[in-house]
There are 2 protein chains.
Amino acid sequence: MTSQIPTVVSRSTLKRLPLYLHVLEDLQRQGQEYASCTMIAGKFDFGPTQVRKDLEVTGAEGTAKIGFKVSALVKDIKEFLGWHNAHDAFLVGAGNMGKALLGYKDFDKYGLNIVAAFDQDPKKVGTKIFNKEILPMEKMANLVKRMHINIGIVTVPAEFAQGVVDIMVSVGIKAIWNFAPAPLQIPEGIILENARLTQSLAVLTNKLTMNFDKEMKG
Amino acid sequence: MTSQIPTVVSRSTLKRLPLYLHVLEDLQRQGQEYASCTMIAGKFDFGPTQVRKDLEVTGAEGTAKIGFKVSALVKDIKEFLGWHNAHDAFLVGAGNMGKALLGYKDFDKYGLNIVAAFDQDPKKVGTKIFNKEILPMEKMANLVKRMHINIGIVTVPAEFAQGVVDIMVSVGIKAIWNFAPAPLQIPEGIILENARLTQSLAVLTNKLTMNFDKEMKG
DNA sequence: TATTTATCGATAAAAAATTATCGATATATT
DNA sequence: AATATATCGATAATTTTTTATCGATAAATA
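Just so it is clear, the model here is predicted, and its values are computed rather than measured.

## Observations concerning the sheet that holds strand β8 (residues 175-178) of chain B
Residues and elements named next belong to chain B. With mixed pairing, the seven strands of this open sheet are ordered in space as β5-β6-β4-β3-β7-β8-β9. Edge strands, defined here as strands with exactly one partner in the open sheet, are β5 (128-129) and β9 (191-194). Across three bridges, strand β4 (residues 112-119) lies against strand β6 (residues 132-136) in parallel orientation. Among the inter-strand pairings, A117 is bridged to a residue of β6, identified as I134. The strands touched by helix α6 (residues 140-147) are β3 (87-92), β4 and β6; relative to β3, the strand with the most contacts, the crossing angle is about 175°. The strands touched by helix α7 (residues 158-171) are β3, β7 (151-154) and β8; relative to β7, the strand with the most contacts, the crossing angle is about 170°.

The structure is reproduced here in C-alpha coordinates:
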(Lines give C-alpha, C1' and ligand atoms only; values in the text may rest on other atoms or scores of the structure.)
Protein backbone atom coordinates (compact mmCIF):
# COMPACT_ATOMS: atom_id res chain seq x y z
CA MET A 1 0.00 0.00 0.00
CA THR A 2 1.50 3.33 -1.08
CA SER A 3 1.13 6.61 0.76
CA GLN A 4 -2.08 8.63 0.45
CA ILE A 5 -0.16 11.92 0.45
CA PRO A 6 -0.60 13.78 -2.84
CA THR A 7 2.66 14.15 -4.78
CA VAL A 8 1.89 17.63 -6.06
CA VAL A 9 0.69 20.24 -3.62
CA SER A 10 -1.17 23.38 -4.65
CA ARG A 11 0.18 26.86 -4.02
CA SER A 12 -3.00 27.65 -2.12
CA THR A 13 -2.39 24.82 0.31
CA LEU A 14 1.27 25.72 0.73
CA LYS A 15 0.33 29.29 1.51
CA ARG A 16 -2.19 28.27 4.15
CA LEU A 17 0.22 26.02 6.03
CA PRO A 18 2.21 28.90 7.59
CA LEU A 19 -1.07 30.35 8.85
CA TYR A 20 -1.87 27.11 10.64
CA LEU A 21 1.64 27.02 12.01
CA HIS A 22 1.16 30.42 13.54
CA VAL A 23 -2.07 29.41 15.22
CA LEU A 24 -0.54 26.16 16.44
CA GLU A 25 2.49 27.86 17.93
CA ASP A 26 0.14 30.20 19.77
CA LEU A 27 -1.73 27.20 21.12
CA GLN A 28 1.56 25.61 22.11
CA ARG A 29 2.51 28.71 24.10
CA GLN A 30 -0.88 28.52 25.78
CA GLY A 31 -0.19 24.94 26.75
CA GLN A 32 -2.86 23.36 24.56
CA GLU A 33 -1.91 19.77 23.76
CA TYR A 34 -4.44 18.99 21.04
CA ALA A 35 -6.04 20.99 18.26
CA SER A 36 -8.88 20.09 15.92
CA CYS A 37 -9.44 21.29 12.37
CA THR A 38 -12.63 22.93 13.55
CA MET A 39 -10.73 24.97 16.09
CA ILE A 40 -8.03 26.01 13.64
CA ALA A 41 -10.59 26.90 10.99
CA GLY A 42 -12.29 29.15 13.54
CA LYS A 43 -9.42 31.61 13.09
CA PHE A 44 -10.05 31.92 9.38
CA ASP A 45 -12.85 32.44 6.91
CA PHE A 46 -12.91 28.90 5.61
CA GLY A 47 -14.04 25.62 7.09
CA PRO A 48 -12.55 22.61 8.84
CA THR A 49 -12.63 20.48 5.70
CA GLN A 50 -10.22 22.87 4.04
CA VAL A 51 -7.87 22.64 7.00
CA ARG A 52 -8.09 18.85 7.10
CA LYS A 53 -7.31 18.57 3.41
CA ASP A 54 -4.36 20.94 3.74
CA LEU A 55 -2.93 19.09 6.70
CA GLU A 56 -3.24 15.81 4.83
CA VAL A 57 -0.34 16.77 2.56
CA THR A 58 2.04 16.99 5.50
CA GLY A 59 1.38 13.40 6.46
CA ALA A 60 0.15 14.41 9.91
CA GLU A 61 -2.36 12.11 11.51
CA GLY A 62 -5.11 13.00 13.92
CA THR A 63 -7.49 11.02 16.04
CA ALA A 64 -11.26 11.19 15.95
CA LYS A 65 -12.98 13.34 18.55
CA ILE A 66 -9.58 14.67 19.73
CA GLY A 67 -7.83 16.23 16.80
CA PHE A 68 -4.11 16.54 16.19
CA LYS A 69 -1.33 16.59 18.73
CA VAL A 70 -0.06 20.16 18.47
CA SER A 71 3.64 19.43 18.91
CA ALA A 72 3.61 16.67 16.29
CA LEU A 73 1.60 18.77 13.87
CA VAL A 74 3.98 21.72 14.20
CA LYS A 75 6.86 19.39 13.48
CA ASP A 76 5.14 17.82 10.47
CA ILE A 77 4.24 21.17 8.93
CA LYS A 78 7.73 22.56 9.48
CA GLU A 79 9.34 19.54 7.91
CA PHE A 80 6.98 19.65 4.99
CA LEU A 81 7.79 23.31 4.37
CA GLY A 82 11.49 22.72 4.82
CA TRP A 83 11.57 24.98 7.87
CA HIS A 84 13.14 22.47 10.25
CA ASN A 85 16.64 23.43 9.20
CA ALA A 86 17.95 26.63 7.66
CA HIS A 87 18.68 27.17 3.97
CA ASP A 88 21.53 29.60 3.36
CA ALA A 89 20.75 32.43 0.98
CA PHE A 90 22.43 35.35 -0.77
CA LEU A 91 20.63 38.63 -1.26
CA VAL A 92 21.26 41.00 -4.15
CA GLY A 93 20.26 44.66 -3.87
CA ALA A 94 20.96 46.41 -0.57
CA GLY A 95 18.25 49.03 -0.99
CA ASN A 96 15.33 49.58 1.35
CA MET A 97 13.70 46.22 0.87
CA GLY A 98 17.05 44.46 0.96
CA LYS A 99 17.85 46.13 4.26
CA ALA A 100 14.48 45.19 5.68
CA LEU A 101 15.05 41.54 4.84
CA LEU A 102 18.62 41.61 6.17
CA GLY A 103 17.26 42.96 9.43
CA TYR A 104 14.41 40.52 9.79
CA LYS A 105 15.27 38.40 12.79
CA ASP A 106 12.67 35.68 12.47
CA PHE A 107 13.79 34.13 9.20
CA ASP A 108 15.52 31.36 11.13
CA LYS A 109 12.05 30.26 12.18
CA TYR A 110 11.16 29.98 8.52
CA GLY A 111 14.14 28.01 7.36
CA LEU A 112 16.01 30.95 5.87
CA ASN A 113 19.45 32.28 6.69
CA ILE A 114 20.67 35.27 4.71
CA VAL A 115 24.43 34.89 4.75
CA ALA A 116 25.55 37.96 2.83
CA ALA A 117 24.35 40.63 0.46
CA PHE A 118 25.67 41.93 -2.86
CA ASP A 119 25.35 45.31 -4.48
CA GLN A 120 26.60 47.14 -7.55
CA ASP A 121 27.06 50.41 -5.70
CA PRO A 122 30.75 50.82 -4.65
CA LYS A 123 29.63 53.07 -1.80
CA LYS A 124 27.68 50.23 -0.23
CA VAL A 125 30.29 47.55 -0.85
CA GLY A 126 32.46 46.97 2.18
CA THR A 127 29.89 48.24 4.65
CA LYS A 128 27.77 46.06 6.91
CA ILE A 129 24.02 46.01 7.33
CA PHE A 130 22.76 44.28 10.46
CA ASN A 131 26.15 42.72 10.76
CA LYS A 132 26.04 41.24 7.30
CA GLU A 133 28.68 42.16 4.75
CA ILE A 134 27.84 43.88 1.50
CA LEU A 135 30.02 42.36 -1.19
CA PRO A 136 30.68 43.24 -4.83
CA MET A 137 28.72 41.27 -7.42
CA GLU A 138 31.92 39.77 -8.84
CA LYS A 139 32.45 37.74 -5.71
CA MET A 140 29.14 35.94 -5.93
CA ALA A 141 30.12 33.16 -8.35
CA ASN A 142 32.94 31.84 -6.18
CA LEU A 143 31.07 32.17 -2.94
CA VAL A 144 27.95 30.42 -4.19
CA LYS A 145 30.06 27.40 -5.03
CA ARG A 146 32.24 27.50 -1.93
CA MET A 147 29.34 27.95 0.45
CA HIS A 148 26.84 25.75 -1.40
CA ILE A 149 24.24 28.49 -1.56
CA ASN A 150 20.95 27.47 -3.16
CA ILE A 151 18.70 30.47 -2.63
CA GLY A 152 19.03 33.91 -4.19
CA ILE A 153 16.93 36.86 -3.06
CA VAL A 154 16.34 39.64 -5.58
CA THR A 155 15.69 43.10 -4.13
CA VAL A 156 16.95 45.29 -6.96
CA PRO A 157 14.80 47.70 -9.00
CA ALA A 158 12.68 46.09 -11.72
CA GLU A 159 14.95 47.10 -14.59
CA PHE A 160 17.94 45.23 -13.12
CA ALA A 161 16.07 42.16 -11.96
CA GLN A 162 16.45 40.02 -15.08
CA GLY A 163 20.18 40.70 -15.21
CA VAL A 164 20.61 39.68 -11.59
CA VAL A 165 18.57 36.54 -12.11
CA ASP A 166 20.66 35.58 -15.13
CA ILE A 167 23.81 35.91 -13.05
CA MET A 168 22.30 33.93 -10.20
CA VAL A 169 21.32 31.11 -12.51
CA SER A 170 24.72 31.08 -14.19
CA VAL A 171 26.57 30.77 -10.87
CA GLY A 172 24.43 27.88 -9.71
CA ILE A 173 21.59 29.30 -7.61
CA LYS A 174 18.70 26.82 -7.58
CA ALA A 175 15.83 28.88 -6.16
CA ILE A 176 15.06 32.58 -6.55
CA TRP A 177 12.90 34.70 -4.26
CA ASN A 178 12.03 37.76 -6.28
CA PHE A 179 10.77 41.07 -4.89
CA ALA A 180 11.07 43.09 -8.10
CA PRO A 181 7.85 43.90 -9.94
CA ALA A 182 9.11 42.52 -13.23
CA PRO A 183 8.25 39.31 -15.09
CA LEU A 184 11.33 37.12 -15.06
CA GLN A 185 12.51 34.47 -17.48
CA ILE A 186 14.20 31.47 -15.92
CA PRO A 187 15.40 28.16 -17.35
CA GLU A 188 13.64 24.88 -16.68
CA GLY A 189 14.46 23.40 -13.31
CA ILE A 190 15.11 26.65 -11.47
CA ILE A 191 12.56 27.53 -8.79
CA LEU A 192 11.14 31.04 -8.96
CA GLU A 193 8.91 32.45 -6.29
CA ASN A 194 7.66 35.99 -6.56
CA ALA A 195 6.92 38.08 -3.49
CA ARG A 196 5.67 41.15 -5.26
CA LEU A 197 4.02 43.70 -3.04
CA THR A 198 2.34 45.36 -5.99
CA GLN A 199 0.21 42.29 -6.58
CA SER A 200 -1.10 42.35 -3.06
CA LEU A 201 -1.57 46.10 -3.25
CA ALA A 202 -3.59 45.69 -6.43
CA VAL A 203 -6.12 43.54 -4.62
CA LEU A 204 -6.40 46.12 -1.84
CA THR A 205 -6.80 49.22 -3.99
CA ASN A 206 -9.22 47.50 -6.32
CA LYS A 207 -11.49 46.44 -3.48
CA LEU A 208 -11.34 49.92 -2.02
CA THR A 209 -12.24 51.46 -5.37
CA MET A 210 -15.08 49.00 -5.83
CA ASN A 211 -16.40 49.92 -2.37
CA PHE A 212 -16.44 53.61 -3.21
CA ASP A 213 -18.17 52.95 -6.50
CA LYS A 214 -20.82 50.98 -4.65
CA GLU A 215 -21.34 53.81 -2.14
CA MET A 216 -21.69 56.34 -4.96
CA LYS A 217 -24.36 54.28 -6.64
CA GLY A 218 -26.29 53.13 -3.57
CA MET B 1 -28.21 45.55 -22.66
CA THR B 2 -26.15 45.45 -19.48
CA SER B 3 -22.37 45.33 -19.31
CA GLN B 4 -20.56 42.03 -19.88
CA ILE B 5 -17.97 42.86 -17.21
CA PRO B 6 -18.14 40.41 -14.29
CA THR B 7 -19.19 42.07 -11.04
CA VAL B 8 -16.91 39.96 -8.87
CA VAL B 9 -13.28 39.58 -9.85
CA SER B 10 -11.06 36.79 -8.60
CA ARG B 11 -7.94 37.42 -6.57
CA SER B 12 -5.96 35.52 -9.19
CA THR B 13 -7.05 37.89 -11.90
CA LEU B 14 -6.39 40.96 -9.76
CA LYS B 15 -2.91 39.72 -9.03
CA ARG B 16 -2.11 39.17 -12.69
CA LEU B 17 -3.18 42.63 -13.78
CA PRO B 18 -0.11 44.39 -12.33
CA LEU B 19 2.07 41.93 -14.24
CA TYR B 20 0.41 42.91 -17.49
CA LEU B 21 0.78 46.56 -16.56
CA HIS B 22 4.49 46.11 -16.16
CA VAL B 23 4.83 44.48 -19.56
CA LEU B 24 2.65 47.13 -21.17
CA GLU B 25 4.62 50.00 -19.70
CA ASP B 26 7.78 48.40 -21.04
CA LEU B 27 6.18 48.22 -24.47
CA GLN B 28 5.11 51.83 -24.15
CA ARG B 29 8.68 52.89 -23.45
CA GLN B 30 9.74 50.92 -26.52
CA GLY B 31 7.21 52.83 -28.59
CA GLN B 32 4.92 49.87 -29.31
CA GLU B 33 1.42 51.13 -30.04
CA TYR B 34 -0.50 47.85 -29.97
CA ALA B 35 -0.19 44.66 -27.95
CA SER B 36 -1.97 41.34 -28.36
CA CYS B 37 -2.83 38.84 -25.66
CA THR B 38 -0.56 36.35 -27.39
CA MET B 39 2.36 38.74 -27.06
CA ILE B 40 1.65 39.52 -23.41
CA ALA B 41 1.18 35.85 -22.56
CA GLY B 42 4.59 35.16 -24.10
CA LYS B 43 6.14 36.76 -21.02
CA PHE B 44 4.43 34.31 -18.68
CA ASP B 45 3.77 30.63 -18.26
CA PHE B 46 0.12 30.78 -19.18
CA GLY B 47 -1.71 31.33 -22.43
CA PRO B 48 -3.39 34.18 -24.31
CA THR B 49 -6.87 33.07 -23.29
CA GLN B 50 -5.98 33.68 -19.67
CA VAL B 51 -4.77 37.16 -20.51
CA ARG B 52 -7.86 37.91 -22.57
CA LYS B 53 -10.16 36.80 -19.80
CA ASP B 54 -8.27 38.86 -17.24
CA LEU B 55 -8.33 41.98 -19.39
CA GLU B 56 -12.05 41.55 -19.91
CA VAL B 57 -12.74 42.62 -16.32
CA THR B 58 -11.17 46.01 -16.91
CA GLY B 59 -13.59 46.79 -19.71
CA ALA B 60 -10.76 47.23 -22.20
CA GLU B 61 -11.61 46.47 -25.81
CA GLY B 62 -9.30 45.16 -28.48
CA THR B 63 -9.58 44.71 -32.20
CA ALA B 64 -9.18 41.49 -34.09
CA LYS B 65 -5.84 40.81 -35.73
CA ILE B 66 -4.36 43.92 -34.03
CA GLY B 67 -4.81 43.56 -30.31
CA PHE B 68 -5.20 46.29 -27.70
CA LYS B 69 -4.03 49.88 -27.90
CA VAL B 70 -1.30 49.95 -25.27
CA SER B 71 -2.00 53.43 -23.91
CA ALA B 72 -5.72 52.76 -23.53
CA LEU B 73 -5.10 49.38 -21.94
CA VAL B 74 -2.67 50.84 -19.41
CA LYS B 75 -5.25 53.46 -18.51
CA ASP B 76 -8.04 50.89 -18.18
CA ILE B 77 -6.01 48.58 -15.95
CA LYS B 78 -4.85 51.44 -13.74
CA GLU B 79 -8.36 52.72 -13.32
CA PHE B 80 -9.65 49.28 -12.57
CA LEU B 81 -6.99 48.78 -9.90
CA GLY B 82 -7.57 52.23 -8.47
CA TRP B 83 -4.05 53.27 -9.38
CA HIS B 84 -4.98 56.35 -11.39
CA ASN B 85 -5.05 58.54 -8.30
CA ALA B 86 -3.34 58.12 -4.95
CA HIS B 87 -4.95 56.77 -1.81
CA ASP B 88 -3.51 58.28 1.37
CA ALA B 89 -2.35 55.77 3.96
CA PHE B 90 -1.00 55.62 7.50
CA LEU B 91 1.62 53.11 8.49
CA VAL B 92 1.98 51.64 11.97
CA GLY B 93 5.28 50.11 13.04
CA ALA B 94 8.47 51.90 12.05
CA GLY B 95 10.68 48.81 12.16
CA ASN B 96 12.65 47.40 9.25
CA MET B 97 9.72 46.58 7.03
CA GLY B 98 8.02 49.85 7.92
CA LYS B 99 11.12 51.77 6.94
CA ALA B 100 11.40 49.87 3.68
CA LEU B 101 7.84 50.79 2.75
CA LEU B 102 8.31 54.43 3.82
CA GLY B 103 11.33 54.59 1.55
CA TYR B 104 9.74 52.96 -1.45
CA LYS B 105 9.52 55.67 -4.08
CA ASP B 106 7.29 53.99 -6.62
CA PHE B 107 4.14 53.65 -4.55
CA ASP B 108 2.70 56.70 -6.28
CA LYS B 109 2.65 54.58 -9.44
CA TYR B 110 0.51 52.08 -7.57
CA GLY B 111 -2.03 54.47 -6.14
CA LEU B 112 -0.54 54.58 -2.66
CA ASN B 113 0.73 57.57 -0.70
CA ILE B 114 2.04 56.90 2.80
CA VAL B 115 1.43 60.15 4.61
CA ALA B 116 2.86 59.42 8.04
CA ALA B 117 3.91 56.61 10.34
CA PHE B 118 3.08 55.76 13.93
CA ASP B 119 5.06 53.89 16.54
CA GLN B 120 4.81 52.98 20.20
CA ASP B 121 8.50 53.52 20.82
CA PRO B 122 9.10 57.02 22.30
CA LYS B 123 12.63 56.97 20.88
CA LYS B 124 11.27 56.78 17.35
CA VAL B 125 8.47 59.29 17.85
CA GLY B 126 9.45 62.76 16.69
CA THR B 127 12.08 61.52 14.26
CA LYS B 128 11.65 61.39 10.49
CA ILE B 129 12.15 58.47 8.15
CA PHE B 130 12.53 59.37 4.47
CA ASN B 131 11.09 62.74 5.34
CA LYS B 132 7.98 61.26 6.90
CA GLU B 133 7.13 62.00 10.50
CA ILE B 134 6.89 59.27 13.11
CA LEU B 135 3.97 60.13 15.38
CA PRO B 136 2.69 58.65 18.62
CA MET B 137 -0.21 56.20 18.35
CA GLU B 138 -2.50 58.54 20.32
CA LYS B 139 -2.53 61.02 17.46
CA MET B 140 -3.88 58.55 14.93
CA ALA B 141 -7.60 58.83 15.73
CA ASN B 142 -7.79 62.57 15.13
CA LEU B 143 -5.59 62.54 12.06
CA VAL B 144 -7.47 59.71 10.36
CA LYS B 145 -10.62 61.79 10.58
CA ARG B 146 -9.05 65.13 9.71
CA MET B 147 -7.13 63.77 6.75
CA HIS B 148 -9.75 61.28 5.55
CA ILE B 149 -7.32 58.37 5.62
CA ASN B 150 -8.75 55.07 4.39
CA ILE B 151 -5.77 52.73 4.32
CA GLY B 152 -3.77 51.44 7.27
CA ILE B 153 -0.52 49.54 6.82
CA VAL B 154 0.48 47.15 9.59
CA THR B 155 4.21 46.49 9.96
CA VAL B 156 4.41 45.63 13.66
CA PRO B 157 5.50 42.26 15.07
CA ALA B 158 2.86 39.52 14.97
CA GLU B 159 1.94 39.76 18.64
CA PHE B 160 0.92 43.42 18.35
CA ALA B 161 -0.85 43.17 15.02
CA GLN B 162 -4.36 42.43 16.28
CA GLY B 163 -4.18 45.34 18.72
CA VAL B 164 -3.11 47.73 16.01
CA VAL B 165 -5.83 46.50 13.69
CA ASP B 166 -8.46 46.98 16.39
CA ILE B 167 -7.32 50.58 16.85
CA MET B 168 -7.30 51.19 13.12
CA VAL B 169 -10.83 49.89 12.76
CA SER B 170 -12.05 51.91 15.72
CA VAL B 171 -10.67 55.17 14.32
CA GLY B 172 -12.28 54.64 10.94
CA ILE B 173 -9.71 52.96 8.69
CA LYS B 174 -11.50 51.15 5.86
CA ALA B 175 -8.77 48.96 4.38
CA ILE B 176 -5.83 47.25 6.04
CA TRP B 177 -2.64 46.08 4.38
CA ASN B 178 -1.10 43.62 6.79
CA PHE B 179 2.53 42.49 6.81
CA ALA B 180 2.45 40.68 10.15
CA PRO B 181 2.40 36.87 10.04
CA ALA B 182 -0.64 36.62 12.29
CA PRO B 183 -4.26 35.72 11.50
CA LEU B 184 -6.34 38.85 12.06
CA GLN B 185 -9.97 39.25 13.03
CA ILE B 186 -11.76 42.15 11.40
CA PRO B 187 -15.40 43.22 11.38
CA GLU B 188 -17.63 42.86 8.34
CA GLY B 189 -17.13 45.57 5.76
CA ILE B 190 -13.46 46.25 6.46
CA ILE B 191 -11.05 45.24 3.71
CA LEU B 192 -8.09 43.15 4.80
CA GLU B 193 -5.27 42.27 2.47
CA ASN B 194 -2.34 40.26 3.73
CA ALA B 195 1.14 40.66 2.31
CA ARG B 196 2.84 38.01 4.33
CA LEU B 197 6.32 37.13 3.20
CA THR B 198 6.24 33.87 5.10
CA GLN B 199 3.53 32.51 2.82
CA SER B 200 5.61 33.16 -0.24
CA LEU B 201 8.69 31.78 1.49
CA ALA B 202 6.79 28.61 2.35
CA VAL B 203 6.20 27.91 -1.33
CA LEU B 204 9.87 28.44 -2.08
CA THR B 205 11.34 26.32 0.69
CA ASN B 206 8.85 23.53 0.11
CA LYS B 207 9.70 23.30 -3.58
CA LEU B 208 13.38 23.32 -2.76
CA THR B 209 12.93 20.56 -0.20
CA MET B 210 10.87 18.51 -2.65
CA ASN B 211 13.62 18.92 -5.25
CA PHE B 212 16.26 17.61 -2.87
CA ASP B 213 14.06 14.69 -1.91
CA LYS B 214 13.67 13.83 -5.57
CA GLU B 215 17.43 13.98 -6.15
CA MET B 216 18.04 11.69 -3.17
CA LYS B 217 15.62 9.11 -4.53
CA GLY B 218 16.41 9.23 -8.22
C1' DT C 1 -23.58 -0.06 29.39
C1' DA C 2 -26.02 2.40 25.82
C1' DT C 3 -26.33 6.84 23.65
C1' DT C 4 -24.72 11.11 22.15
C1' DT C 5 -21.20 14.02 20.28
C1' DA C 6 -17.07 15.76 18.06
C1' DT C 7 -13.83 14.62 15.05
C1' DC C 8 -11.09 12.21 11.47
C1' DG C 9 -10.38 10.28 6.92
C1' DA C 10 -12.26 9.35 2.62
C1' DT C 11 -15.18 10.24 -1.08
C1' DA C 12 -18.56 12.82 -3.61
C1' DA C 13 -20.52 17.15 -5.10
C1' DA C 14 -20.19 21.87 -6.17
C1' DA C 15 -17.87 25.89 -7.42
C1' DA C 16 -14.20 28.31 -9.43
C1' DA C 17 -10.41 28.85 -12.43
C1' DT C 18 -8.02 27.67 -16.47
C1' DT C 19 -7.69 26.19 -21.09
C1' DA C 20 -9.60 24.98 -25.67
C1' DT C 21 -12.57 25.87 -29.46
C1' DC C 22 -14.84 28.54 -32.91
C1' DG C 23 -17.15 32.20 -35.55
C1' DA C 24 -16.31 37.00 -36.77
C1' DT C 25 -13.25 40.46 -38.31
C1' DA C 26 -9.36 43.29 -39.62
C1' DT C 27 -5.14 43.23 -41.90
C1' DA C 28 -1.58 41.15 -44.84
C1' DT C 29 -0.49 38.29 -48.81
C1' DT C 30 -1.10 36.12 -53.20
C1' DA D 1 -10.10 40.67 -55.53
C1' DA D 2 -9.66 36.35 -53.30
C1' DT D 3 -7.20 33.89 -49.76
C1' DA D 4 -4.60 33.33 -45.68
C1' DT D 5 -3.61 34.66 -41.01
C1' DA D 6 -3.69 36.61 -36.43
C1' DT D 7 -6.56 38.04 -33.13
C1' DC D 8 -10.76 39.15 -30.49
C1' DG D 9 -14.91 37.92 -28.00
C1' DA D 10 -17.80 34.42 -26.57
C1' DT D 11 -18.78 29.92 -25.17
C1' DA D 12 -17.70 25.23 -24.07
C1' DA D 13 -14.74 21.78 -21.98
C1' DT D 14 -11.47 20.67 -18.71
C1' DT D 15 -9.04 20.92 -14.62
C1' DT D 16 -8.40 22.40 -10.08
C1' DT D 17 -9.96 23.86 -5.76
C1' DT D 18 -13.26 24.14 -2.31
C1' DT D 19 -17.09 22.48 0.22
C1' DA D 20 -20.38 18.88 1.68
C1' DT D 21 -21.44 14.30 3.11
C1' DC D 22 -20.87 10.09 5.57
C1' DG D 23 -19.11 5.98 7.95
C1' DA D 24 -15.82 4.96 11.63
C1' DT D 25 -14.07 5.96 16.08
C1' DA D 26 -12.85 7.82 20.53
C1' DA D 27 -14.39 10.17 24.32
C1' DA D 28 -18.17 12.16 27.13
C1' DT D 29 -22.67 11.63 29.07
C1' DA D 30 -26.93 9.57 30.46
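## Quick notes on the protein's contact with DNA strand C
Taken together, 23 residues surround DNA strand C, and among them R52, G62 and K65 of chain A together with R16 and T49 of chain B come closest. Taking all atoms of DNA strand C within 4 Å of the protein, the share assigned to sugar and phosphate is 63%. Taking K53 of chain B, its side chain carries an N or O atom lying 3.5 Å from a base oxygen of DNA strand C. Top element by residues in the surface near DNA strand C is helix α3 (residues 48-56) of chain B. It accounts for three residues. Class assignment for the residues of the surface near DNA strand C results in six nonpolar, ten polar and seven charged.

## Points about the pattern of salt bridges
Residues and elements named next belong to chain B. Counted according to the given criterion, the structure contains 15 salt bridges over all chains. We note a salt bridge from E33 to K69, for which the minimum N-O separation is 3.7 Å. Residue E33 is located in the loop between α1 (11-29) and β1 (34-35), and its partner K69 is located in strand β2 (residues 68-69); the two are separated by 36 residues in the primary sequence. Close ionic contact of K124 with D119 constitutes a salt bridge, the shortest N to O distance being 4.0 Å. Accessibility expressed as a relative area gives 29% for K124, which makes it partly exposed.

## Remarks on the packing of aromatic side chains
Residue and element names in this part refer to chain A. Applying the stated criterion to the full structure yields 16 aromatic pairs over all chains. Judged by centre distance (4.9 Å) and plane angle (65°), the ring pair of W177 and F179 falls under edge-to-face. Over the ring of F46 we find R16; its NZ or CZ atom is 5.7 Å from the centre of that ring.

## A word on the environment of A195 of chain A
Note on placement: A195 of chain A falls in the loop between β9 (191-194) and α8 (197-217). The exposure class of A195 of chain A is buried, given its relative accessible area of 7%. The spatial distance from the C-alpha of A195 of chain A to the C-alpha of F179 of chain A is 5.1 Å, given a sequence separation of 16 residues. Not counting the four nearest positions on each side in its chain, A195 of chain A is found in contact with W177, N178 and F179 of chain A together with S200 of chain B.

## Brief notes about the sheet that holds β9 of chain A
All names here are of chain A. The strand order across the open sheet formed by seven strands is β5-β6-β4-β3-β7-β8-β9, and the pairing between neighbours is mixed. In this open sheet, the two edge strands, each paired with only one partner strand, are β5 (128-129) and β9. Relative to strand β4 (residues 112-119), strand β3 (residues 87-92) is paired through six bridges, and the arrangement is parallel. Residue pairing in the sheet places F90 in a bridge with A116 of β4. In this fold helix α6 (residues 140-147) packs onto β3, β4 and β6 (132-136), with an angle of close to 175° to the strand it touches most, β3.

## Here's the deal with the relation of the copies chain A and chain B
Rotating chain A by 180° and translating it 0.0 Å along the rotation axis places it on chain B, where the RMSD comes to 0.0 Å. What we have between these two chains is a two-fold relation. Scanning chain A for the C-alpha nearest the rotation axis identifies A100 of chain A, at a separation of 3.0 Å. Interface overlap between copies is the fraction of interface residues in one copy that are interface residues in the other; for chain A against chain B it reaches 100%, indicating a shared surface.

## Remarks on the protein's contact with DNA strand D
Taken together, 23 residues lie near DNA strand D, and R16 and T49 of chain A together with R52, G62 and K65 of chain B sit nearest. In the model, a phosphate oxygen of DNA strand D is placed 2.9 Å from a nitrogen or oxygen of the R16 of chain A side chain. Of all the secondary-structure elements, those providing two or more residues to the surface near DNA strand D are α1 (11-29) and α3 (48-56) of chain A together with α2 (37-41) and α3 of chain B. Looking at which element gives the most residues to the surface near DNA strand D, the answer is α3 of chain A, with three residues.

Rules behind the numbers
The residue numbers shown here count from 1 along each chain, following its written sequence. The order in which chains are written sets their letters, starting at A; the order in which ligands are written sets their numbers, starting at 1. Local features in this predicted model are restricted to residues of pLDDT 70 or higher, and side-chain atom pairs are both shown and tallied only at a pLDDT of 80 or more, whereas totals for entire chains, interfaces and linings draw on every residue. Just so you know, side-chain values use all the structure's heavy atoms and leave hydrogens and water out. The pairing criterion is simple: DSSP has to find at least two bridges between the two strands. Think of it this way: any DSSP run of H or I at least four residues long counts as a helix, any run of E at least two long counts as a strand, and we number them from the N terminus. The contact definition used throughout considers only heavy atoms, calling two residues in contact when any of these lie within 4.5 Å. Axis angles are defined between N-to-C directions and span 0 to 180 degrees, where every axis is a line fitted to C-alpha atoms and, for a helix, only to the segment in contact. A molecule or strand has a residue near it when one of that residue's heavy atoms lies within 4 Å. Two N or O atoms form a polar contact when they lie within 3.5 Å of each other; inside protein one atom must be a possible hydrogen donor and the other a possible acceptor, and for residues adjacent in sequence the pair counts only when both atoms belong to side chains. In this classification, the charged set is Asp, Glu, Lys and Arg, the nonpolar set is Ala, Val, Leu, Ile, Met, Phe, Trp, Tyr, Cys and Pro, and all remaining amino acids, among them Gly, are polar. Here, a salt bridge means any Lys or Arg side-chain nitrogen found within 4 Å of an Asp or Glu carboxyl oxygen. Buried, partly exposed and exposed residues are distinguished by accessible area as a fraction of the type maximum, computed with a 1.4 Å probe on protein chains only: under 20%, between the cut-offs, and over 50%, respectively. Stacked, edge-to-face and tilted are the three classes for Phe, Tyr and Trp ring pairs, Trp counted by its six-membered ring, which pair at centre distances within 6.5 Å; planes under 30 degrees apart are stacked, over 60 edge-to-face, the rest tilted. In this scheme, Lys NZ or Arg CZ marks a charge over a ring once it lies within 6 Å of the ring centre and within 35 degrees of the ring normal. Here the copies were fitted onto each other by least squares, based on C-alpha atoms from residues at pLDDT of at least 70 in both.

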